[in-house]
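The primary structure of each chain is shown beneath.
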Amino acid sequence: MRDHEVLVTDVLVIGAGLAGERAAIEAALAGLNVTILSLVPPRRSHSSAAQGGMQASLGNTAMGKGDSPDIHFVDTVKGSDWGCDQDVARLFVETAPVAVREMAHWGVPWTRVTLEKRVYDGKVIEEDPAKVGLIAARNFGGTAKWRTCYTADGTGHTLLYTMDSVVLKLGVTVHDRVEAIRLIHDGEQCFGAVVRCLRTGALRAYVARTTVIASGGYGRLYGASTNAVINEGSGMALALDTGVVPLGNMEAVQFHPTGIVPSWILITEGARGDGGYLLDKNLHRFMPDYEPVKKELASRDVVSRRIMQHIRAGYGVDSPYGPHVWLDIRHLGERHIRTNLREIAAICQNFNGIDPVHDLIPVRPTQHYSMGGVRTNIHGQAYGMYNLFALGEAACWDLHGFNRLGGNSLAETVVAGKIVGAAIARQTKETSPDVRWPLVYEHLAEESARIERLRARAVRPGGENVYALRHEMEQILSENVGIFRTEGPLVEACDKLRELHRRAQDIRLRGEGRGADPELGAALRLPGMIRLALCIAKGALERKESRGSHYREDYPKRDDVNWLKRTLAYWPAGADEPELRYEPVKITELPPGDRGYGESSSFAATAGRQDAGANPS
Amino acid sequence: MARELTFRIFRFNPDQPDVKPRLQDYRLTEEPGMTLFVVLNKLREEQDPSLRFDFVCRAAICGSCGMLVNGRPTLACKTLTKDLPAVTTLMPLPVFKLLGDLSVDTGVWFREMSLRTEAWIHTDQVFDPNAEEERMDNAVALQIYEAERCIECGCCIGGCATANIKPEFIGAAGVNRVARFMLDPRDKRSDAEYFEVVGTEEGVFGCVGLMACDDNCPVGIPLRDQLAYVRRKMAAAGWKLRRRAPAARA
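Because the structure is a prediction, the values reported are computed rather than measured.

1. As for the confidence of the model for chain A
Keep in mind that low pLDDT regions are not for reading the predicted coordinates in detail. Taken over all residues, the pLDDT of chain A has a mean of 94, while the share at 70 or more is 97%. Note that pLDDT drops below 50 for residues 602-617 of chain A; the model gives that stretch 17 contacts with residues more than four away or on any other chain.

2. Some points on the sheet that holds strand β13 (residues 277-279) of chain A
Residue and element names in this part refer to chain A. Taken together, the four strands give an open sheet; going across it, the order is β12-β15-β14-β13, and neighbouring strands pair in antiparallel fashion. Bordering the open sheet on either side are β12 (253-260) and β13, each of which pairs with just one other strand. Strand after strand, the sheet turns through a mean of 45° between neighbouring axes, direction not considered. In the sheet, β13 pairs with strand β14 (residues 325-328) via three bridges, with the strands oriented antiparallel. Residue pairing in the sheet places L279 in a bridge with W326 of β14.

3. A look at the interface of chain A and chain B
By a widespread convention, an interface's size corresponds to the accessible area lost as its parts come together. Counting from both sides, the interface comprises 75 residues of chain A and, opposite them, 64 residues of chain B. Taken as a group, R44, H105 and L168 of chain A account for 13% of the area that chain A buries against chain B, more than any other trio of residues on that side. Across the chain A-chain B interface, the total number found is seven salt bridges. Across the salt bridge formed by R43 of chain A and E152 of chain B, the nearest N and O atoms sit 3.2 Å from each other.

4. Some points on the packing of helix α3 (residues 86-106) of chain A against helix α11 (residues 408-430) of chain A
Residue and element names in this part refer to chain A. The interhelical angle for the contact between α3 and α11, taken along N-to-C directions, is 90°, at an axis separation of 9 Å. Here α3 is positioned roughly perpendicular relative to α11, judged by the angle of their axes. Every residue of α11 that contacts α3 at L91, F92, T95, A96, V98, A99, E102 and M103 is listed here: N408, A411, E412, V414, V415, K418 and I419. In the contact of α3 with α11, the residues fall into ten nonpolar, two polar and three charged.

5. Overview of the pattern of salt bridges
Residues and elements named next belong to chain A. The final tally for this structure, using the stated rule, is 86 salt bridges over all chains. E447 is paired through a salt bridge with R450; the nearest N and O atoms lie 2.9 Å apart. Of this pair, E447 and R450 both sit in helix α12 (residues 437-456), separated by three residues, roughly a single helical turn. The class of E447 is buried, set by a relative accessible area of 4%. Taken together, the shared-partner salt bridges in this structure form one network comprising D81, E251, D301, R305, R543, E545, R547, R558, D560, R595 and E599.

6. Considerations on the side chain of T79 of chain B
Structurally, the position occupied by T79 of chain B is in the loop between β4 (72-75) and β5 (87-91). Taking the relative accessible area as the measure of exposure, T79 of chain B reaches 11% and is therefore buried.

7. Quick look at the sheet that holds strand β1 (residues 4-11) of chain B
Sheet strands line up and pair through hydrogen bonds in the backbone, either parallel or antiparallel. Residue and element names in this part refer to chain B. Within the open sheet, the five strands sit side by side as β2-β1-β5-β3-β4. Their pairing is mixed. Each edge of the open sheet carries a strand with a single partner, namely β2 (22-29) and β4. Across the sheet, the axes of successive neighbouring strands diverge by a mean angle of 35°, strand direction being ignored. Where strand β3 (residues 66-69) meets β5, two bridges bridge the pair, whose relative direction is antiparallel. If you follow V69 over to β5, its bridge partner there is L90.

8. Details of the side chain of T9 of chain A
Residues and elements named next belong to chain A. In this fold, T9 is placed in strand β1 (residues 5-14). You can call T9 buried: its relative accessible area is 5%. In terms of polar contacts, T9 uses its side chain to reach the side chain of T35, at 3.1 Å. With residues near it in sequence (within four places) discarded, T9 still touches N33, V34, T35, V207, A208 and R209.

9. Side note on helix α10 (residues 342-352) of chain A
Regarding α10 of chain A, the residues found buried are E343, I344, A345, I347, C348, N350 and F351 of chain A. Residue G353 of chain A follows α10 of chain A closely and has a positive phi angle near 65°.

10. Describing the packing of aromatic side chains
We describe a pair of aromatic rings using the distance from one ring centre to the other and the angle between the two ring planes. Using the criterion set out here, one finds twelve aromatic pairs over all chains in the structure. Here F286 of chain A and Y290 of chain A contribute two aromatic rings whose centre-to-centre distance is 6.4 Å and whose plane-to-plane angle is 80°, an arrangement assigned as edge-to-face. For the residue pair F286 of chain A and Y290 of chain A, the accessibility class agrees, reading buried in each case. For the ring pair W563 of chain A and Y582 of chain A, a centre distance of 5.4 Å and an interplane angle of 80° mean the geometry is edge-to-face. Here W563 of chain A is found in helix α16 (residues 560-563), whereas its partner Y582 of chain A is found in strand β22 (residues 579-584), with 19 residues between them in sequence. By relative accessible area, which is 12% here, W563 of chain A ends up buried. Classification of Y582 of chain A by relative accessible area gives partly exposed; the value is 29%. Through successive ring pairs, a cluster of aromatic residues spans F37, F53 and F55 of chain B. Here the basic side chain of R44 of chain B rests over the ring of F53 of chain B, its NZ or CZ set 4.1 Å away from the ring centre.

11. Notes on the domain arrangement of chain A
Residues and elements named next belong to chain A. Domain annotation of chain A identifies domain 1 (255-367) and domain 2 (440-565). A separation of 31 Å is found between the C-alpha centroids of domain 1 and domain 2. If you look at the interface, domain 1 gives eight residues, while domain 2 gives nine residues. Summing the contributions of domain 1 and of domain 2, the shared interface buries around 700 Å²; its carbon and sulfur component is 70%. A per-residue breakdown of the area domain 1 buries against domain 2 is headed by F255, R305 and R312, which together make up 72% of the total. Remark: the boundary between domain 1 and domain 2 carries one salt bridge. Linking R312 and E553 is a salt bridge whose minimum nitrogen-to-oxygen distance equals 2.8 Å.

How each quantity is defined
Residues numbered from 1 in each chain as written. Chains lettered and ligands numbered in written order. Predicted model: local features only at pLDDT ≥ 70, side-chain atom pairs only at ≥ 80, totals over all residues. Heavy atoms only, no water. pLDDT = per-residue confidence, 0-100. Contact = heavy atoms within 4.5 Å. Pairing = 2+ DSSP bridges. Helix = DSSP H or I, 4+ residues; strand = E, 2+ residues; numbered from the N terminus. Axes fitted to C-alpha atoms, helices over the stretch in contact; angles between N-to-C directions. Buried area = accessible area lost by both parts, 1.4 Å probe. Salt bridge = Lys/Arg side-chain N within 4 Å of Asp/Glu carboxyl O. Parallel < 35°, antiparallel > 145°, perpendicular 65-115°, else oblique. Nonpolar A, V, L, I, M, F, W, Y, C, P; charged D, E, K, R; others polar. Buried < 20%, exposed > 50% of the residue type's maximum accessible area, 1.4 Å probe, protein only. Polar contact = N/O pair within 3.5 Å; in protein donor to acceptor, adjacent residues only side chain to side chain. Phe/Tyr/Trp six-rings, centres within 6.5 Å; stacked < 30°, edge-to-face > 60°. Lys NZ or Arg CZ within 6 Å of the ring centre and 35° of its normal. Domains from an automatic or database assignment.

This is the structure we're talking about:
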């Protein structure tokens with residue numbers, strides 16, 4: 001084992017997206033030695049794909065006038081369907097404006113307020129001349145004010161490039177093309193990670209005083225996802241596999257209303273925020289029929305369900321890839337589309353050969369975001385293990401509860417990075433370096449043996465094909481644990497996934513698995529992915545209510561008496577399925593009530609019936 | 001009738017230097033809406049598990065999948081097979097270090113370039129968390145963003161004659177990166193300081209004006225304009241420095 005490289009650092013951050021880099025910066029500014037690991041060059045992280053924006057209540061835009069952290073707080077809690085921790089939401093909304101301005105200081109070219117005349121949904125918007133040049137905001141779903149700060153069509157891109165420029169400036173160590181495959185721990189405390197080099201295939205150990213999981217979401221567990229191919233939930237699996245760290249609310253899966261058919265690439269919520277409509281096969285704008293107040297801009301869970309409901313009622317547009325609806329942004333005009341929605345125009349052109357200035361865009365709800373993740377306290381410390389932190393999409397902090405608002409995830413990465421980063425710095429300074437060499441080599445040896453076992457059986461006939469198993473898992477989740485859920489299919493999903501997990505012990509490589517072989521990488525990852533899938537399916541089966549994105553057709557109402565609580569999924573060593581426990585949700589300010597949109601809102605339901613026939617469009 | 005497509009793919013694994021680089025043919029049936037992202041994953045899953053290539057976002061946003069498609073640098077993810085002939089050759093981008101088959105190390109190249117050009121905001125100002133943000137004209141913000149849109153895919157570098165001959169040349173991506181900070185009023189560097197960084201043969205004066213970069217940029221950054229902008233500023237800065245230098249000595 002002594003031939004493996006062992007590197008020592010103060011703070012080890014797994015993941016170089018916005019959350020990981022922001023936390024790393026905070027720790028580096030505190031004088032600590034930080035090493036960031038990334039599957040890909042940092043600027044290719046999935047944060048870069050966020051087109052829409054980042055919520056912060058600056059209130060500079062006319063339509064955001066009078067905004068405040070208080071209003072942002074209420075929007076966030078309602079959006080979460082009261083599933084979030086309200087102390088976390090409060091901390092978040094208070095910090096977001098500072099975080100946005102700090103990013104401006106570091107170089108983000110935020111779009112600014114201008115006096116240019118603009119018509120929105122039939123109304124002329126007049127900006128305040130005193131606000132010209134300050135950071136502008138656009139409209140996003142589920143918000144009372146225009147609050148989403150943005151840079152044209154590339155907010156995530158500019159945020160990530162700016163964040164990474166600070167990482168470069170500070171000289172923070174970044175090792176790209178590596179994959180953490182195991183946390184080094186003794187069941188109580190984390191000491192770093194075993195890592196596979198994706199250039200050579202060599203194993204290394206990184207020994208650290210604190211270890212941070214910031215590896216993003218698990219979108220790719222679902223076959224159709226807007227997510228990048230690297231979003232396989234690997235960081236969550238690392239934590240789960242300790243046996244003592246729980247994952248929170250894994251059944252809370254966000255489906256974005258507008259994935260483009262059939263590549264499932266995201267069409268940003270900015271399209272609807274800027275005034276786009278959803279149309280059915282008769283070119284009827286149907287959202288006002290269901291949601292007279294918020295229309296296309298109810299929260300994502302609600303809009304996604306309404307679309308599927310409308311499709312089920314027979315109003316979908318038929319296609320070889322299943323029925324879909326149309327997104328119409330033609331009326332926004334060529335100039336607006338080619339500036340603020342240029343990325344959409346490029347995606348439509350590149351992948352569908354259409355031009356949204358003149359054509360309708362085919363869209364359908366698509367897996368997009370994981371509200372669940374490594375459960376942490378308000379400081380980002382993982383439950384159950386010392387010196388382990390998590391933040392960003394990989395974590396369940398828990399800001400989003402059962403539905404995240406658009407613009408709150410970019411904001412979470414930067415805000416949590418700042419707050420949790422400071423907590424990491426404090427904790428690291430209090431922790432004396434403690435290198436447990438036997439433990440490190442034991443973990444290295446076990447992972448090395450796992451790889452050797454796969455290689456030894458490679459190429460021989462028989463066994464399971466890793467890609468076939470993976471597609472089965474994707475299909476089970478997509479078909480049985482999607483937008484509409486019921487007991488029968490959920491039971492079936494759990495049974496099939498347990499069976500799949502058993503079969504995954506018999507994966508046989510078809511290639512030789514030499515060096516950095518990609519099939520070997522997939523084989524190392526898949527069992528953990530199936531365990532995550534089981535946490536999602538079992539959490540969804542047990543939660544007998546509907547809340548936010550989790551919609552049970554057999555339990556269509558939110559049930560605050562029995563289910564105002566968070567699921568914690570543990571995977572004890574050697575178990576064949578997760579063990580679920582529950583904890584209360586922290587309610588500090590706003591007691592559970594009506595969201596003002598969605599099926600649970602009595603207002604929306606009655607008003608919807610009255611307005612349905614009277615809608616002029 | 002669906003077409004039978006042939007993909008002639010460059011194969012080499014640096015782990016096995018004794019196996020010479022070669023082109024290997026793969027065949028598959030075309031499907032509607034098929035991209036090279038779909039093709040390469042299908043080939044790996046169904047025909048050759050050892051095939052190495054890079055994709056991340058598969059939406060032409062992240063810049064991972066630059067390669068030579070029939071000799072031309074472009075993003076594989078947004079290349080539709082319906083625009084390709086029956087036989088297509090796929091080669092890795094030149095200039096960058098080869099990691100295996102179609103995978104090259106663009107990440108390390110771009111990091112080194114960013115370090116050489118000190119691609120971050122240089123300022124002595126300290127962030128004040130309680131202050132309103134500094135104002136900026138939106139037209140300036142959009143201009144900065146136009147240059148910041150580079151996705152570091154390396155297509156401009158792989159297709160650049162100078163970069164292919166001179167490994168130290170920062171290329172259009174490097175010059176564009178400098179333009180991004182020159183345009184930014186928050187960056188307090190003087191023209192003379194920028195000249196130190198890019199006023200050389202490895203910098204903006206290395207460009208011989210063939211402009212393949214401008215043709216090949218998959219996100220449509222006006223690289224020709226950016227090169228002209230930086231070159232003009234640097235020529236003026238160089239002229240001033242030269243006039244000042246003898247005076248300083250005297």
